[in-house]
Amino acid sequence: QKEVEQDPGPLSVPEGAIVSLNCTYSNSAFQYFMWYRQYSRKGPELLMYTYSSGNKEDGRFTAQVDKSSKYISLFIRDSQPSDSATYLCAMSVGSGTGTASKLTFGTGTRLQVTL
Amino acid sequence: AAGVIQSPRHLIKEKRETATLKCYPIPRHDTVYWYQQGPGQDPQFLISFYEKMQSDKGSIPDRFSAQQFSDYHSELNMSSLELGDSALYFCASSFNVARKQFFGPGTRLTVL
């Protein structure tokens with residue numbers, strides 16, 4: 001079983017819809033949570049970064065973390081065709097000084113926003 | 001803003017050949033990570049460097065080696081290439097082991 005589970009989709013929504021993307025995880029050591037957007041054959045682009053339970057908003061994007069349930073979400077408001085991409089959740093554990101902390105990814109959710 | 005640079009962007013090799021992938025981190029970033037992404041899969045961590053020292057090691061085959069140089073760029077050396085090594089290889093960088101990792105555009109390696 002993977003440490004991070006994510007519904008692979010694909011998820012198809014009409015333009016303007018609210019999109020909800022979710023990940024669950026099993027490793028309680030994860031303390032840092034990220035969402036990346038990846039267009040086909042491109043590098044992942046960092047969208048959101050959080051390190052505590054609660055909500056964080058940035059424009060049309062809201063990241064939500066519930067550490068007690070080991071559950072994170074990304075909400076996209078007023079979705080646009082340009083939001084069509086694969087969304088990857090990623091997590092890392094807290095580490096000591098001088099130790100680079102690797103990311104553990106979910107499998108990614110393909111999102112298609114239609115006109 | 002400057003981003004992570006990777007070269008080459010595409011590479012085609014034969015089985016048993018050697019490949020070298022290069023990564024130039026964002027200016028002032030001192031930490032580099034390498035990830036491998038197979039078709040339809042999520043990125044898998046290979047290895048990381050902080051201040052030119054290996055910091056963490058993931059599922060990197062013994063045929064692969066990497067290092068970070070004095071100017072903080074990094075190279076991933078892959079020998080005795082196998083068909084299964086065909087993938088996208090991403091480099092990411094961060095500042096001072098901060099958790100925000102910024103990814104490069106990737107190198108697409110095809111092994112024939």
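Preceding this paragraph is the structure being described.
Residues numbered from 1 in each chain as written. Chains lettered and ligands numbered in written order. Predicted model: local features only at pLDDT ≥ 70, side-chain atom pairs only at ≥ 80, totals over all residues. Heavy atoms only, no water.

> Please give an account of the overall build of chain B that cites residues and values.
Looking only at helices and strands, one finds zero helices and eleven strands in chain B. Against the 2.2 N^0.38 benchmark of 13 Å for 112 residues, chain B shows a C-alpha radius of gyration of 13 Å, consistent with a compact globule. In terms of its C-alpha atoms, chain B occupies a principal-axis envelope of roughly 40 × 25 × 25 Å. In chain B, 54% of the contacts between residues at least 6 apart in sequence involve partners at least 24 apart. Per element, the accessible surface of chain B, about 5300 Å² overall, is 50% carbon and sulfur. Side chains of chain B give 12 positive and 11 negative charges; the mean places of these two sets differ by 4 Å. (Helix = DSSP H or I, 4+ residues; strand = E, 2+ residues; numbered from the N terminus. Rg over C-alpha atoms; globule rule 2.2 N^0.38 Å. Contact = heavy atoms within 4.5 Å. Areas by Shrake-Rupley, 256 points an atom, 1.4 Å probe, with all protein chains shown as cover. Lys, Arg positive; Asp, Glu negative; His and termini not counted. Charge placed at Lys NZ, Arg CZ, Asp CG, Glu CD.)

> Explain the pairing of strand β11 (residues 107-111) of chain B to me, using residue names and the numbers behind them.
Regular strands have side chains that alternate between both faces of the sheet. Residue and element names in this part refer to chain B. Burial along β11 is one-sided: the residues Thr107, Leu109 and Val111 are buried and none of Arg108 and Thr110 is. Strand direction decides the pairing type here: strand β2 (residues 10-13) and β11, joined by four bridges, are parallel. For isoleucine 12, the partnering residue across the bridge sits in β11 and is threonine 110. Two strands pair when backbone bridges link them, and strand β9 (residues 87-94) and β11 are joined in this way by three bridges, in the antiparallel orientation. In the sheet register, leucine 88 faces β11, and the bridge partner there is arginine 108. (Buried < 20%, exposed > 50% of the residue type's maximum accessible area, 1.4 Å probe, protein only. Pairing = 2+ DSSP bridges.)

> Summarise the sheet that holds strand β3 (residues 19-25) of chain A; cite the residues concerned and give the values.
Residue and element names in this part refer to chain A. What the five strands build is an open sheet, ordered β1-β3-β8-β7-β6; its pairing is antiparallel. The sheet is open, and its two edges are formed by β1 (4-6) and β6 (54-58), each paired on a single side. Averaged over neighbouring strand pairs, the angle between their axes works out to 15 degrees when direction is ignored. Two strands pair when backbone bridges link them, and strand β7 (residues 61-66) and strand β8 (residues 71-76) are joined in this way by six bridges, in the antiparallel orientation. Along β8, the bridge assignment pairs glutamine 64 with serine 73. (Axes fitted to C-alpha atoms, helices over the stretch in contact; angles between N-to-C directions.)

> If you had to explain the pattern of salt bridges to someone new, which residues and values would you point to?
All names here are of chain B. Enumeration according to the criterion identifies eight salt bridges over all chains in this entry. Its salt-bridge partner being lysine 22, residue glutamate 75 comes within 3.9 Å of it at the nearest N-O pair. Of this pair, glutamate 75 sits in strand β8 (residues 74-78) while lysine 22 is found in strand β3 (residues 19-24), placing the two residues 53 residues apart along the sequence. The closest approach of N and O atoms between lysine 52 and glutamate 51, which form a salt bridge, is 3.9 Å. Overall, the relative accessible area of 34% leaves lysine 52 in the partly exposed class. (Salt bridge = Lys/Arg side-chain N within 4 Å of Asp/Glu carboxyl O.)

> Break down the environment of cysteine 23 of chain B for me, with residues and values.
Residues and elements named next belong to chain B. Structurally, cysteine 23 is set in strand β3. For the pair formed by cysteine 23 and leucine 76, sequence separation is 53 residues and the distance between their alpha carbons is 8.3 Å. When near neighbours in sequence (up to four residues on either side) are disregarded, cysteine 23 contacts Val4, Ile5, Val32, Trp34, His73, Ser74 and Cys91.

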